[in-house]
Amino acid sequence: MFFSPSFYVISVLVIAALVLIMASVRILREYERAVVFTLGRFQKVKGPGLVLLIPFFQEMVRVDLRIRVIEIPTQDVISRDNVSMKVDAVLYFNVVNPERAVIQVQSYLPATNMLAQTTLRAVLGQHELDEMLSERKKLSTDVQSILDTQTETWGIKVSNVEIRTVELTENMVRAIAKQAEAERDRRAKIIHAEAEFQASQTLVNAAQILGSIPAAMQLRYLQTLAEIGAEQNSTVVFPMPIDIVKPFLELLDKTGKARGANGATLVPPNELPLNA
């Protein structure tokens, strides 16, 4: 079968046109943008949808605007109180300015990762171990704000930084356990001492009230006697204050003096004769 020269020319032109169309047409998704350069100079940011380029004169760099998640590798950190530990974190960021992300930095993804590692070590090194364990959310916020400020010129927005693990050595874990145990013992002793002080203060107040009202003291004695009697004891030893017995003693003393003044001889009961 013989083809004329015009057929070959047309075929070549069709193929060339298809190649030019494939080279000039780009389709971008909703979350993608195209940074277009014309003869090496920045022209504009295009997309999403259909993007047409002039072959051999224009080129584009595709940029993803979705939030990226990067695991920051484990970092060796020395706290302000000279405690060695290993810390890792997770970084969330996205590109908000495709032009800066392509022009201002050579490769924004590894650059952001390396910057996050150094910032994490620098921030945690300014705090003590107790702050790292108890204020992890605050430290994550500090790292996020510093990274966001530094990557703003790259067109990158750091939305969040989460410190995942703070790993200590076994010796440090045992030391922290001893410290926590000593702290609990100290608090227990303080609570016991405060309880003793409050109890003694209450007893002093009760003694002042009972001392000011004699009838209250008598009622208290009767209540104590009732409590002892409820236990069915065979012997009851009940103390009696000298203030209660003193009037009777004074009365007996006056009676004895009166009899002595009348010439009578007072003989104690234990010295009386048996046949009396």
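Keep in mind that what you see is a predicted model, and the values were worked out from it rather than measured. (Residues numbered from 1 in each chain as written. Predicted model: local features only at pLDDT ≥ 70, side-chain atom pairs only at ≥ 80, totals over all residues. Heavy atoms only, no water.)

Now, about the nonpolar core: what can you tell me, with residues and values included?
In terms of nonpolar packing, the biggest core is built from 33 residues, with M85, V87, L91, Y108, L120, L124 and L147 touching the most fellow members. Each residue touching L124, except ones within four places of it in the same chain, is listed here: V77, S79, V87, M132, L139 and I163. Core analysis: the second largest hydrophobic core is formed by six residues, L28, V36, V51 and L53 among them. (Core = buried A, V, L, I, M, F, W, Y, C linked by side-chain atoms within 4.5 Å. Buried < 20%, exposed > 50% of the residue type's maximum accessible area, 1.4 Å probe, protein only. Contact = heavy atoms within 4.5 Å.)

Tell me about the sheet that holds strand β6 (residues 68–78), residues and numbers included.
The antiparallel open sheet is built from three strands, whose spatial order is β6-β7-β8. With partners counted over all chains shown, the strands left at the sheet margins are β6 and β8 (156–168), one partner each. When the angles between neighbouring strand axes are averaged without regard to direction, this sheet yields 20 degrees. Running at roughly 35 degrees to β6, helix α3 (residues 108–124) makes contact with β6, β7 (84–95) and β8 of the sheet. Across the face of the sheet, helix α5 (residues 136–151) comes into contact with β7 and β8 while running at roughly 140 degrees to β8. (Pairing = 2+ DSSP bridges. Helix = DSSP H or I, 4+ residues; strand = E, 2+ residues; numbered from the N terminus. Axes fitted to C-alpha atoms, helices over the stretch in contact; angles between N-to-C directions.)

Got a sec to walk through unusual backbone geometry? Specific residues and values, please.
The omega angle of the peptide bond from G47 to P48 is 0 degrees, so this bond is cis rather than trans. With respect to the element layout, P48 can be found in the loop between β3 (41–46) and β4 (49–52). At F56, a residue that is not glycine, the phi angle is positive and equals roughly 70 degrees. With phi around 60 degrees, N82 is a residue other than glycine that occupies positive phi space. With respect to the helices and strands, N82 occurs in the loop between β6 and β7.

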